There are 2 protein chains.
Amino acid sequence: MRNNILYAQSGGPTAVINASAYGVIAEAKKLGLGKVYAGINGIEGILNENIVEVTNLSEEQLNLLKNTPGTAFGSCRYHLPDAEKSPEVYQKIAETFSKYEIGCFFYNGGNDSMDTCSKIAHYFADNNIDCQVIGIPKTIDNDLDQTHHCPGYGSAAKFIATVMHEMALDTASYTKGKVTVVEIMGRDTGWLTAASIVASHNGAGPDLVYLPERSFDTEQFIEDVANIYKTKHRCLVAVAEGIKDKDGNYIATYGTMDNFNHVQMGGTAYRLAKILEHHNFKTRAVEINLPQRCGGHILSKTDRNEAIQSGRYAVKQWQKGKTCCMVAIKATSDNGKYKVSYTAVPIEKVANAVKYVPDQYILPNGQLDNKLLDYILPLMEGTVTQKYINGTPHYFKLDKIKY
Amino acid sequence: MRNNILYAQSGGPTAVINASAYGVIAEAKKLGLGKVYAGINGIEGILNENIVEVTNLSEEQLNLLKNTPGTAFGSCRYHLPDAEKSPEVYQKIAETFSKYEIGCFFYNGGNDSMDTCSKIAHYFADNNIDCQVIGIPKTIDNDLDQTHHCPGYGSAAKFIATVMHEMALDTASYTKGKVTVVEIMGRDTGWLTAASIVASHNGAGPDLVYLPERSFDTEQFIEDVANIYKTKHRCLVAVAEGIKDKDGNYIATYGTMDNFNHVQMGGTAYRLAKILEHHNFKTRAVEINLPQRCGGHILSKTDRNEAIQSGRYAVKQWQKGKTCCMVAIKATSDNGKYKVSYTAVPIEKVANAVKYVPDQYILPNGQLDNKLLDYILPLMEGTVTQKYINGTPHYFKLDKIKY
């Protein structure tokens, strides 16, 4: 039996993906298993045998890793071709795994990464290769199916809710303010934008919220803004980058395709601000942009801990002989007390599926239902105290990566 | 003698302006002086007699106020006309101050607000009105003259350095990354952009930095980026919103005038990203935008404490009979140990003056000299632990203001 394991990261960074890496390494060390390797830059790096041993990271380094945002081992957006079309790619993977005696491959990513896991797992099964494949969920978007929520979301939600709360205080400064349109990440789903409801719940947040789960009606938007402006003399709007009109056209001004045929979004807030200016509103467009997915200075402790536990649980599934599965979170609210447990779900059910904000959380006018708070608030609970050195949090840095 | 005092806020919000309000109120209460009033929305509100008593705020409310970003009492951008042209405005102020028995007016703002202070102080002197006028400095821009630095800057610098550090980790995810151009506030001065040097000092920060203190050469910029990209396959750029070309034209794509004839900036990062795209770079434009001036969740403890002390010191200057002055900070570095003291400087020397990043901190190629770290790091030192309720920091909110 192969005793070593290989861990790699894929897709967009989150604030807690490295907490899952920590969980994998810590659990393997705790159980006294073989070596833990990390692939640098995901499956793309593994194909180039860009692999480092991480079992020998010091306790101090591991503790830094646990609270460091971004992908500490690098990521990729490599689209694995089908095995029938490009068998040499899979042969290279199999050879490398054999060389390093890899008994389980842990891939930490979103739905595209789970598609990669699925392909590799099937190739291994079809070719009697003695290596398991286990996915560890990671995405700020919270759009993975089969799991109550995703590690990465709670911290992004906490950052978004906090800066929306702070911006609501900021924009209340003047008697006649502007219409401030804040663009939040979310190509297809509104989970991140929905987190801004927490700011409103806490006394100062957006007046209006628009999710991609509903088609965007520009005339209605102008009317909504005008109604708020009439009484408040200002208006704060939270909008998902991926909103589309009834014909399915993105509101964003431009778009190009990435390797997964996803549209690269941007400019939704600017477009809306320009539309409002034509109706004589003074506006400001804000994109929360990258800081929302790497806000290590304001982690949700719940999210950070669940990311760690997802990594630990993945290692336990390897020991149980599971493969072609993804770690998923089950959450219950027992008399208002939030409880989680972990399970392993078939990876095919996750790969390329998308979980939208359900109808029950969206009011008939497209705005958010306060019921959503019961879902979101527990995920944002708790703070992580970072150690600051020279004015910024002290973060883990891998020698292999050039910053 | 008039025993009450009036405090008001003016100009753009900061993360610690309310700490100065706390300082004024706490010191007046400690000394057992008269009532403390706050003008709502600065001098504009005072002209409408929009005034509340704040001496009776509870201890709990005051403790929240101390750590709340934004202008808790509202702000304005009202340009006070000259007394010769509009004597009725000054008569109204004098009447209101007489009615509330105001012995000292504390105006918490930037250089435009100090111009307002100066005008009112001179009117009072010329008309034998028994009321002092004392300015309390506040600006994230750090551009006030006669003071070593300004309350508000340290916290904004801490936020900027931290998110630049986190974005540097984030953008290091892929083997072939983009050129990420990050726009930071700063119409005329580069103090805020300069704070990003701290991220680089801490191991991951911008590769290139451009301040408004030097004219921006687009050709040189493209060459600088290309040089970095050649070896790193990505590039992180920090740029002040107010950079201009050698003919004095703003790089930003659009500009409109505000009441002080200042250009409203925005779009510098987008403009630069578009220029780079024409040279076949993949780019991402990021504006840190509003969050950098209201980041209450990541206050610099040094900055917060100095803001409080500035408020307290202002009250003491009233007791000493000072008028037409602004509180200023003197800082020394005694064997590397940072020490501050406070002084009162003639307000005319501050009003409408601008303090630029000095030449000694800028290298011949326009990039930053590490000597700047000695100036900036002490201002960012220390963290303030916020109390979180329901996922976001618990902040003070005045009933009078509709959020």
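One can find the structure itself at the top, above this paragraph.
Conventions used here
Residues numbered from 1 in each chain as written. Chains lettered and ligands numbered in written order. Predicted model: local features only at pLDDT ≥ 70, side-chain atom pairs only at ≥ 80, totals over all residues. Heavy atoms only, no water. Helix = DSSP H or I, 4+ residues; strand = E, 2+ residues; numbered from the N terminus. Rg over C-alpha atoms; globule rule 2.2 N^0.38 Å. Buried < 20%, exposed > 50% of the residue type's maximum accessible area, 1.4 Å probe, protein only. Contact = heavy atoms within 4.5 Å. Areas by Shrake-Rupley, 256 points an atom, 1.4 Å probe, with all protein chains shown as cover. Lys, Arg positive; Asp, Glu negative; His and termini not counted. Charge placed at Lys NZ, Arg CZ, Asp CG, Glu CD. Disulfide = S-S within 2.5 Å. 1 Å grid on protein atoms, 1.4 Å probe; cavity = no way out; pocket = protein on both sides within 12 Å on 5 of 7 lines; lining within 4 Å. Points joined across faces, edges and corners; volume = space filled by probe spheres on them. Nonpolar A, V, L, I, M, F, W, Y, C, P; charged D, E, K, R; others polar. Pairing = 2+ DSSP bridges. Axes fitted to C-alpha atoms, helices over the stretch in contact; angles between N-to-C directions. Salt bridge = Lys/Arg side-chain N within 4 Å of Asp/Glu carboxyl O. Least-squares fit on C-alpha atoms with pLDDT ≥ 70 in both. Core = buried A, V, L, I, M, F, W, Y, C linked by side-chain atoms within 4.5 Å. Expected span 1.5 Å × (residues − 1). Parallel < 35°, antiparallel > 145°, perpendicular 65-115°, else oblique. Left-handed = near helix turned anticlockwise from the far one by under 90°. Phe/Tyr/Trp six-rings, centres within 6.5 Å; stacked < 30°, edge-to-face > 60°. Lys NZ or Arg CZ within 6 Å of the ring centre and 35° of its normal.

Even after reading the chapter, I still don't get the overall build of chain A, so can you show me in this structure?
Scanning chain A from N- to C-terminus turns up twelve helices and 15 strands. A compact globule built from 403 residues would reach a C-alpha radius of gyration of about 22 Å, and chain A, at 22 Å, matches this within 12%. Oriented by its inertia axes, the alpha-carbon framework of chain A measures out at about 70 × 45 × 45 Å. Looking at chain A residue by residue over its 403 residues, the buried ones come to 65%. When contacts within chain A are restricted to residue pairs at least 6 apart in sequence, those whose partners lie at least 24 apart make up 77%. Here chain A has roughly 14900 Å² of accessible surface; of this, 45% comes from carbon and sulfur atoms. Of the side chains in chain A, 42 bear a positive and 43 a negative charge, and the two mean positions are spaced by 6 Å.

How should the state of the cysteines be read in this particular structure?
Structurally, a disulfide amounts to a covalent bond that connects the sulfur atoms of two cysteines. Scanning the entire structure with this criterion turns up zero disulfides over all chains. Unpaired in this structure, Cys235 of chain B has its nearest cysteine sulfur neighbour in Cys294 of chain A, at a distance of 17 Å.

Would you take a moment to explain empty space enclosed by the protein for this structure?
The gaps of empty space that remain are located by a probe, the size of a water molecule, rolled over the atoms. Counted by the stated rule, this structure contains six cavities of 30 Å³ or more. By volume, the largest cavity amounts to about 60 Å³. Every residue lining the largest cavity is listed: Phe159, Val286, Glu287, Ile288 and Pro291 of chain A together with Phe159, Val286, Glu287, Ile288 and Pro291 of chain B. Secondary-structure elements contributing two or more residues to the lining of the largest cavity are β11 (283–287) of chain A together with β11 (283–287) of chain B. Classifying every residue of the lining of the largest cavity gives eight nonpolar, no polar and two charged.

How should the sheet that holds β11 of chain A be read in this particular structure?
Sheet strands pair by backbone hydrogen bonding; their relative direction is either parallel or antiparallel. All names here are of chain A. Spatially, the four strands line up as an open sheet ordered β7-β8-β6-β11, and their pairing is parallel. Two strands in the sheet have a free side with no partner beyond their single neighbour: β7 (208–210) and β11. Taken pair by pair, the neighbouring strands of this sheet meet at an average axis angle of 15 degrees, ignoring direction. Relative to the sheet, helix α10 (residues 268–277) contacts β6 (179–184), β8 (235–240) and β11, its axis offset from that of β11 by approximately 175 degrees.

Looking at this model, I keep getting lost on the interface of chain A and chain B. Mind explaining?
One frequent convention defines the size of an interface as the accessible area lost when the parts assemble. Across the boundary between the two partners, chain A contributes 70 residues, which contact 70 residues of chain B. Viewed at the interface, chain B and chain A are joined by two salt bridges. A salt bridge links Asp170 of chain A to Arg293 of chain B; the nearest nitrogen and oxygen atoms lie 2.7 Å apart. If you list the elements that add at least two residues to the side of chain A that touches chain B, you get α6 (153–171), α8 (197–201), α9 (218–232), β11, β14 (388–389) and β15 (392–393) of chain A. Per-element tally for the side of chain A that touches chain B: the top contributor is α6 of chain A, with twelve residues. Here the residues of the side of chain A that touches chain B sort into 30 nonpolar, 26 polar and 14 charged.

Looking at this structure, I do not really get the relation of the copies chain A and chain B. What am I missing?
For the pair of chain copies, the relating transformation is a rotation about an axis with a translation along it. When chain A is fitted to chain B, the best match, at an RMSD of 0.0 Å, comes from turning it 180 degrees and sliding it 0.0 Å along the axis. The superposition of one copy onto the other is thereby described by a two-fold rotation axis. A share of 100% of interface residues in chain A that are also interface residues in chain B marks the association as one of identical surfaces.

Would you take a moment to explain the sheet that holds strand β13 (residues 337–346) of chain B for this structure?
All names here are of chain B. The sheet built from seven strands is open, its strands ordered β3-β2-β1-β4-β5-β12-β13 with mixed pairing. Of all the strands in the sheet, the pair left with one neighbour each is β3 (51–53) and β13. Looking at each pair of strands side by side, their axes are set apart by 25 degrees on average, direction ignored. Docked against the sheet, helix α1 (residues 17–30) engages β1 (4–9), β2 (36–39), β4 (102–109) and β5 (132–137), running at close to 175 degrees with respect to β1. With respect to the sheet, helix α5 (residues 111–126) is in contact with β4, β5 and β12 (325–334), its orientation differing from that of β5 by roughly 170 degrees.

I tried to follow the nonpolar core on my own but got confused; where do I start?
In a soluble, globular protein the nonpolar side chains are often hidden away together inside. In this structure, Phe73, Phe106 and Met164 of chain A together with Met164 of chain B are the most contacted members of the largest nonpolar core, which totals 132 residues. With sequence-adjacent residues up to four places away left out, Phe73 of chain A is seen in contact with Tyr7, Gln9, Ala21, Ala38, Gly39, Ile40, Asn41, Val54, Leu65, Leu398 and Ile401 of chain A. Phe216, Tyr229 and Leu276 of chain A together with Ala240 of chain B belong to the second-largest nonpolar core, a separate cluster that totals 48 residues.

Would you mind showing me how to read α10 of chain A here?
The periodicity of an α-helix, 3.6 residues per turn, causes residues three or four places apart in sequence to face the same way. The buried count for α10 of chain A comes to seven of ten residues, which makes it a mostly enclosed element. Along α10 of chain A, the residues classified as buried are Thr268, Ala269, Tyr270, Leu272, Ala273, Ile275 and Leu276 of chain A.

Honestly, helix α6 (residues 153–171) of chain B in this entry has me stumped. Any pointers?
Across its 19 residues, α6 of chain B extends 26 Å between first and last C-alpha, which sits within 8% of the 27 Å expected from 1.5 Å per residue. For α6 of chain B, the tally of buried residues reaches 19 of 19 residues, placing the bulk of the element in the interior.

What should I look at first to understand the packing of helix α1 (residues 17–30) of chain A against helix α11 (residues 301–319) of chain A in this one?
Axis angle and axis distance: for two packed helices, these are the angle between their axes and the distance between the axes, and together they describe the pair. All names here are of chain A. For the pair α1 and α11, the least separation of the axes is 7 Å and the interaxial angle reads 45 degrees. Relative to α11, the element α1 is oriented oblique. Two packed elements cross with a definite hand, and for α1 against α11 that hand is right-handed. In contact with Ala19, Ser20, Tyr22, Gly23, Val24, Ala26, Glu27, Ala28 and Lys30 of α1, α11 contributes Arg304, Ala307, Ile308, Ser310, Gly311, Arg312, Val315 and Lys316.

What is the right way to read the packing of aromatic side chains from this model?
For any pair of aromatic rings, the description rests on two quantities: the centre-to-centre distance and the angle between the ring planes. If you walk through the whole model with that rule in mind, you get 33 aromatic pairs over all chains. Summarising the aromatic geometry, the rings of Tyr7 of chain A and Phe73 of chain A are spaced 6.2 Å apart at their centres and angled 80 degrees between planes, so their arrangement reads as edge-to-face. Here Tyr7 of chain A is found in strand β1 (residues 4–9), whereas its partner Phe73 of chain A is found in the loop between α3 (59–66) and α4 (87–99), with 66 residues between them in sequence. Phe73 of chain A carries the same exposure label as Tyr7 of chain A, and that label is buried. The interplanar angle of 80 degrees and the centroid separation of 5.5 Å between the aromatic rings of Tyr210 of chain A and Phe221 of chain A together place this pair among those described as edge-to-face. Pair noted here: Tyr210 of chain A is in strand β7 and Phe221 of chain A is in helix α9, with a separation of eleven residues, a long-range link. Phe221 of chain A shares its class with Tyr210 of chain A; the two are buried. For Lys66 of chain B, the ring lying beneath its charged end belongs to Tyr22 of chain B, and the centroid distance is 5.1 Å.

Shape descriptors only; they carry no functional weight alone.
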